[in-house]
Amino acid sequence: MEEKKAELSAEQKQDELFQRWLEPKDPEGNNLTFKNSGAEKLYRERITRIKDAIQLKKLPDRVPVCPLPSMFPAFYSGISLQEAMYDYDKCCAAWKKYVLDFEPDAHMGCAAPGSGKFFEILDYKLYAWPGHGVSPEHSYQCIEGEYMMADEYDELIHDPSHFFNNIYLPRVFGSLDPFKMLPFLPGILEMYGVAFNFIPYGLPPVQTALKALMEAGSEALKWAGAVGGFDGEMAALGFPQIIGGFTKAPFDTLGDTLRGTKGIMLDMYRQPDKLLQALEVITPLMIKMGVGAAKMNGKPIIFMPLHKGADGFLSDDQFKKFYWPTFRKVIVGLIEEGCVPFPAAEGGYNSRLSVIKDVPKGKTVWMFDKTDMANAKEILGNTACILGNMPLSILNLGTPDDVREYARKLIDDAAEGGGYIMANGAFFDNVKAENLKAMVDFTKEYGVYK
Amino acid sequence: MPRELVNLLSNLKEPESIDYVEKSLGRGVDPLQLLEQAREGMKIVGEKYADEKYFIPDLIFSGEILKGVVDKLKPHLKKKEETSPLGKVVLGTVAGDIHDIGKNLVVFMLDASGFEVLDLGVDVPVEKFVNAIKETGSRVIGLSGFLTLAFQSMKQTVDAIKEAGLHDVKIMIGGGQIDERVRSFSGADAYGKDAMEAVKLVKGWIGG
Ligand code: B12
């Protein structure tokens with residue numbers, strides 16, 4: 001079995017993952033029972049449409065439309081974001097209403113709100129959330145900071161596991177603070193003195209932390225059961241979930257929640273070699289993260305939100321030196337294992353198009369927001385599928401006619417010959433329902449390839 | 001005015017800038033003259049940013065070098081020296097929004113262009129904007145926001161300023177998802193797509 005796997009090409013591995021997506025399983029591992037043959041047919045048609053748009057081999061029957069909401073389903077159903085995070089049933093019901101009312105070609109599951117109770121158990125410090133520093137109606141918010149200090153590069157470079165377990169986790173989870181005391185595991189080598197290494201596990205604070213961890217694990221299971229059940233239920237009704245997993249560009253991994261924006265940008269000047277080394281160290285971890293999820297979930301598409309490589313953030317030279325090399329390695333690493341990297345280029349990516357063009361053909365899908373789509377189509381059209389660009393200002397403040405007009409131009413500019421998926425440019429919360437409906441329905445009508 | 005520090009700073013030479021300041025102070029150079037050079041250096045940094053030669057890392061780094069320079073100069077500066085700023089601008093990220101990178105760049109560019117800027121920070125409540133205008137007598141106010149949630153906050157802020165009877169105040173808005181449509185929704189006077197445009201707008205309104 002292992003040997004057979006090794007012989008498969010990236011192409012075959014991708015086909016295998018698409019095949020697994022097309023043939024979903026129930027929690028017991030049996031073939032999923034669809035509600036009826038109509039739902040089964042729609043499910044496969046939707047995935048095939050997306051697959052064709054991505055692979056650039058066959059013209060899809062029409063432009064796929066996959067809105068990518070943030071907390072919109074909660075607003076739309078009239079539940080607070082606090083409820084969405086604490087009442088898993090309400091969350092699932094709200095997200096279900098969204099999927100059934102708008103009938104997108106794919107949805108993103110209902111994992112976005114996350115489990116409030118889980119975060120409470122671990123005393124998560126990286127975010128404020130409804131009831132914990134944010135009002136019940138508002139979405140959770142990342143609290144940017146230096147969760148890795150400027151002088152800690154060597155810790156990360158020499159032993160990433162130790163860095164994350166003993167330094168990072170204690171900082172971002174209050175309940176795991178005692179993990180600072182955990183032993184250095186490579187010390188467990190020979191009979192003599194082995195027990196010394198285990199002393200930390202006997203200390204009361206560590207034991208309390210371990211109990212919190214077990215409690216958090218139970219809550220995570222409960223939540224994941226609800227979220228996973230939702231995906232299954234939607235699949236049975238004919239609606240595929242698009243996200244097979246999640247990973248990041250190494251520069252963002254470091255720049256978002258480890259060093260922070262200011263930290264990483266100063267490091268570019270003060271310790272560029274350490275930064276470059278750390279980016280290399282993180283690269284295989286980011287590949288593993290995406291590939292592992294794709295294989296577990298049986299879905300090829302790996303979401304990668306991009307932050308600090310956008311237009312304006314870095315110069316061309318800085319982008320080519322610090323951002324792109326390891327980002328590209330992650331893309332290629334994912335593709336080699338059959339995944340479809342799905343980078344979401346937040347902000348503008350106009351100045352990056354000719355650089356990111358250097359990826360294998362038909363194996364990626366790029367979400368764009370402020371990027372000129374006609375230009376993106378021209379530069380990337382033969383290489384990659386592009387997605388998105390419907391402005392949030394129109395979805396929020398415009399009329400259905402405004403939406404249709406913009407969508408028409410988008411399809412004219414970006415969808416010729418396939419390779420485009422209709423979607424919003426940035427993740428949306430409280431847009432007007434009739435505008436979203438107009439985006440979906442218009443695409444289904446105007447986006448048919450003849 | 002000697003230009004060594006101007007050049008060092010505008011070329012982002014951190015240790016060299018600090019070293020130069022220390023040595024100059026040791027030689028008895030007037031700290032005010034060094035401060036003036038530092039300011040000139042920062043102005044050039046701003047120009048390079050406007051010309052797209054410098055980007056966010058360069059701006060952030062220049063700010064850090066400046067901080068180091070000012071820390072060295074502080075003990076030698078007798079009293080707060082007077083500048084003649086062109087006019088006051090109040091700026092802040094609106095309620096519910098904590099994105100500040102874009103706003104900080106606007107502050108940086110206005111500052112480098114000679115305006116005095118009162119930065120109210122992030123997640124700024126409506127009343128705080130109104131009070132700041134009343135207290136400073138500022139005639140230009142800038143609202144930054146990156147979230148769609150900010151559309152509403154901007155409108156509320158603009159409404160409150162008008163309700164407070166501050167009709168001669170010019171309001172500009174900007175930030176990630178903001179565009180002309182949001183401007184008309186919010187009732188602000190102008191939308192600026194970047195920090196350079198913010199400077200242009202302010203110049204148009206209060207000169208400089
Ligand atoms: C960096 C970032 C963050 C950082 C912010 C760090 C910081 N200190 O600011 C962190 C990680 C904290 C963060 C948090 C969140 N973020 Co955020 N973030 C971004 C990101 C990637 C970049 C924004 C940025 O700083 N750009 C850099 C500046 C320089 O760009 P710029 O727009 O070109 O700036 C110029 C102009 O806007 C103009 N300008 C700016 N202000 C003003 C003001 C005036 C008066 C004028 C004239 C001009 C002007 O001048 C600037 C300089 O030229 C954007 C995506 C993107 N690329 O836009 C998402 C984005 C803005 N974030 C988003 C979201 C959803 C969030 C969170 C809710 C996510 C979460 N769940 O945690 C929280 C919200 C926190 C909150 N309450 O505000 C969404 C917003 C979408 C929406 N529906 O509202 C975006 C668009 C991402 C996306 N694609 O969905 N974020």
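Treat the numbers as computed from the prediction; the structure is a model and nothing was measured.

K.L.:
Teacher, can you tell me more about the overall build of chain A here?
P.N.:
For chain A, the count of helices and strands is 20 helices and nine strands. In terms of overall size, chain A behaves like a compact globule, its C-alpha atoms giving a radius of gyration of 23 Å where 450 residues would be expected to give roughly 22 Å. Its C-alpha atoms give chain A principal-axis dimensions of roughly 75 × 50 × 50 Å. The buried share of chain A, taken over its 450 residues, is 53%. For chain A, the accessible area works out to roughly 19,000 Å², and carbon and sulfur atoms hold 56% of it. Taken as two groups, the 49 positive and 60 negative side-chain charges of chain A have centres that lie 3 Å from each other.

K.L.:
Is there a simple way to explain the overall build of chain B in this structure?
P.N.:
Looking only at helices and strands, chain B has nine helices and five strands in total. In chain B, the succession of α and β elements from N to C terminus is α-α-α-α-β-α-β-α-β-α-β-α-β-α. Over its C-alpha atoms chain B spans a radius of gyration of 18 Å, differing by no more than 12% from the 17 Å that the globule rule assigns to 208 residues. With respect to the principal axes defined by its C-alpha atoms, chain B has extents near 55 × 35 × 30 Å. The buried share of chain B, taken over its 208 residues, is 47%. If you take every contact in chain B between residues at least 6 apart in sequence, the share linking residues at least 24 apart comes to 73%. A total accessible area of about 9,800 Å² is found for chain B, and carbon and sulfur atoms account for 51% of it. Charge centroids of chain B, computed over 27 positive and 32 negative side chains, lie 3 Å from each other.

K.L.:
So what exactly am I meant to see when it comes to the domain arrangement of chain B here?
P.N.:
Where interface size is quoted, it is often the accessible area lost as the parts come together. Residues and elements named next belong to chain B. Examined at the domain level, chain B breaks down into domain 1 (4–78) and domain 2 (88–206). Between the C-alpha centres of domain 1 and domain 2 the distance comes to 28 Å. Contact with domain 1, which involves nine residues of that partner, is made by seven residues of domain 2. Buried surface at the junction of domain 1 and domain 2, both sides included, amounts to about 680 Å², of which 87% is carbon and sulfur.

K.L.:
Can you help me understand the sheet that holds strand β8 (residues 385–388) of chain A in this one?
P.N.:
The pairing of strands in a sheet comes from backbone hydrogen bonds and takes either a parallel or an antiparallel form. All names here are of chain A. Taking strand neighbours across the sheet as the criterion, the six strands line up as β4-β5-β6-β7-β8-β9 in an open arrangement whose pairing is parallel. Only two strands of the sheet have a single neighbouring strand rather than two, namely β4 (245–246) and β9 (420–421). In the sheet, strand β5 (residues 301–306) pairs with strand β6 (residues 340–345) via six bridges, with the strands oriented parallel. Bridged to Pro305 within β6 is Ala344. Against the sheet, helix α15 (residues 316–336) touches β5, β6 and β7 (365–368), its axis set at about 170° to β5.

K.L.:
When you look at the sheet that holds strand β2 (residues 133–134) of chain A in this model, what are you seeing that I'm missing?
P.N.:
All names here are of chain A. Spatial ordering of the open sheet is given by β2-β1-β3, a layout of three strands whose pairing is mixed. Sheet topology places β2 and β3 (141–142) at the edges, where each strand pairs with a single neighbour. Sheet topology note: the strand β1 (residues 127–130)/β2 ladder contains two bridges and is parallel. Bridge pairing links Trp129 to Gly133 in β2.

K.L.:
Would you mind going over the interface of chain B and chain A with me for this structure?
P.N.:
On the chain A side, the residues contacting the 22 residues of chain B number 26 residues. Taken together, both faces of the contact between chain B and chain A bury some 2,200 Å²; the carbon and sulfur share is 62%. It is Pro57(B), Gln177(B) and Arg181(B) that lose the most area in chain B upon contact with chain A, and together they represent 26% of the buried surface on that side. Summed over the shared surface of chain B and chain A, the number is four salt bridges.

K.L.:
For this particular structure, what's the right way to read the site of the ligand?
P.N.:
Around the ligand there are 40 residues in total, and Phe427(A), Ile98(B), His99(B), Asp100(B) and Ser144(B) lie nearest to it. Neighbouring residues of the ligand are distributed over chains A and B. Here an oxygen atom of the ligand sits 2.7 Å away from a polar atom, N or O, in the main chain of Ile98(B). A distance of 3.3 Å is found between an oxygen atom of the ligand and a backbone nitrogen or oxygen belonging to Gly175(B).

K.L.:
What is the right way to read the environment of Pro205(A) from this model?
P.N.:
Relative to the helices and strands, Pro205(A) is located in helix α11 (residues 204–236). For Pro205(A), the residues in contact, after removing those within four places along its chain, are Pro178(A) and Met181(A).

K.L.:
Even after reading the chapter, I still don't get the environment of Glu16(A), so can you show me in this structure?
P.N.:
Locating Glu16(A) in the fold gives a position in helix α2 (residues 10–22). Classification of Glu16(A) as partly exposed rests on a relative accessible area of 31%.

K.L.:
Explain the pattern of salt bridges to me, please; I cannot follow it from the model alone.
P.N.:
In a structure, side chains of opposite charge can pair up when their charged atoms sit close to one another. All names here are of chain A. Going through the model one piece at a time under the given rule, you end up with 45 salt bridges over all chains. Here Asp358 ties to Arg328 by a salt bridge, and the two come within 3.2 Å at their closest N and O atoms. Placement of Asp358 in the loop between α16 (353–356) and β7 and of Arg328 in helix α15 is noted, with a sequence separation of 30 residues between them. The residue Lys437 makes a salt bridge to Asp441 at a minimum N-O spacing of 3.6 Å. In this pair, Lys437 and Asp441 are both assigned in helix α20 (residues 433–446), four residues apart and thus about one turn of the helix distant. Its relative accessible area of 33% is what places Lys437 among the partly exposed residues.

K.L.:
What should I look at first to understand the coordination of the cobalt atom of the ligand in this one?
P.N.:
Between any two of four tetrahedral donors, the ideal angle at the metal is 109.5 degrees; between two of six octahedral donors, it is 90 or 180 degrees. Donor atoms from the protein around the cobalt atom of the ligand number only one, His99(B) (NE2), found at 2.3 Å. Structurally, His99(B) can be placed in the loop between β1 (88–93) and α5 (101–112).

K.L.:
Explain a nonpolar patch on the surface to me, please; I cannot follow it from the model alone.
P.N.:
Together, Met181(A), Tyr192(A), Phe196(A), Ile199(A) and Leu203(A) make up an exposed nonpolar region whose accessible area comes to about 580 Å². Summarising the element assignment, Phe196(A) is placed in helix α10 (residues 194–198).

K.L.:
Explain the environment of Met367(A) here, please?
P.N.:
All names here are of chain A. Structurally, Met367 is set in strand β7. On the basis of relative accessibility, which here comes to 1%, the residue Met367 falls in the buried class. In this structure, the C-alpha to C-alpha distance between Met367 and Ile411, residues 44 residues apart in sequence, is 15 Å.

K.L.:
Would you explain unusual backbone geometry in this entry?
P.N.:
Leaving glycine out, the prevailing phi sign among residues is negative, and the prevailing peptide bond configuration is trans. Unlike most non-glycine residues, Asp123(A) shows phi in positive territory, near 55°. Within the fold, Asp123(A) resides in the loop between α7 (116–122) and β1. Not every positive phi belongs to a glycine, and Asp123(B) is a case in point at roughly 50°. By the element assignment, Asp123(B) lies in the loop between β2 (116–119) and α6 (126–136). A residue is classified by how much of its surface remains accessible, and Asp123(B), at 38% relative accessible area, is partly exposed.

Scoring rules and cut-offs
- Residues numbered from 1 in each chain as written.
- Chains lettered and ligands numbered in written order.
- Predicted model: local features only at pLDDT ≥ 70, side-chain atom pairs only at ≥ 80, totals over all residues.
- Heavy atoms only, no water.
- Helix = DSSP H or I, 4+ residues; strand = E, 2+ residues; numbered from the N terminus.
- Rg over C-alpha atoms; globule rule 2.2 N^0.38 Å.
- Buried < 20%, exposed > 50% of the residue type's maximum accessible area, 1.4 Å probe, protein only.
- Areas by Shrake-Rupley, 256 points an atom, 1.4 Å probe, with all protein chains shown as cover.
- Lys, Arg positive; Asp, Glu negative; His and termini not counted.
- Charge placed at Lys NZ, Arg CZ, Asp CG, Glu CD.
- Contact = heavy atoms within 4.5 Å.
- Domains from an automatic or database assignment.
- Buried area = accessible area lost by both parts, 1.4 Å probe.
- Pairing = 2+ DSSP bridges.
- Axes fitted to C-alpha atoms, helices over the stretch in contact; angles between N-to-C directions.
- Salt bridge = Lys/Arg side-chain N within 4 Å of Asp/Glu carboxyl O.
- Near = heavy atom within 4 Å.
- Polar contact = N/O pair within 3.5 Å; in protein donor to acceptor, adjacent residues only side chain to side chain.
- Donors = N, O, S within 2.8 Å, 3.2 Å for Na, K, Ca; no water.
- Patch = residues over 30% accessible without salt bridge, like charges linked within 9 Å, V, L, I, M, F, W, Y side chains within 5 Å.

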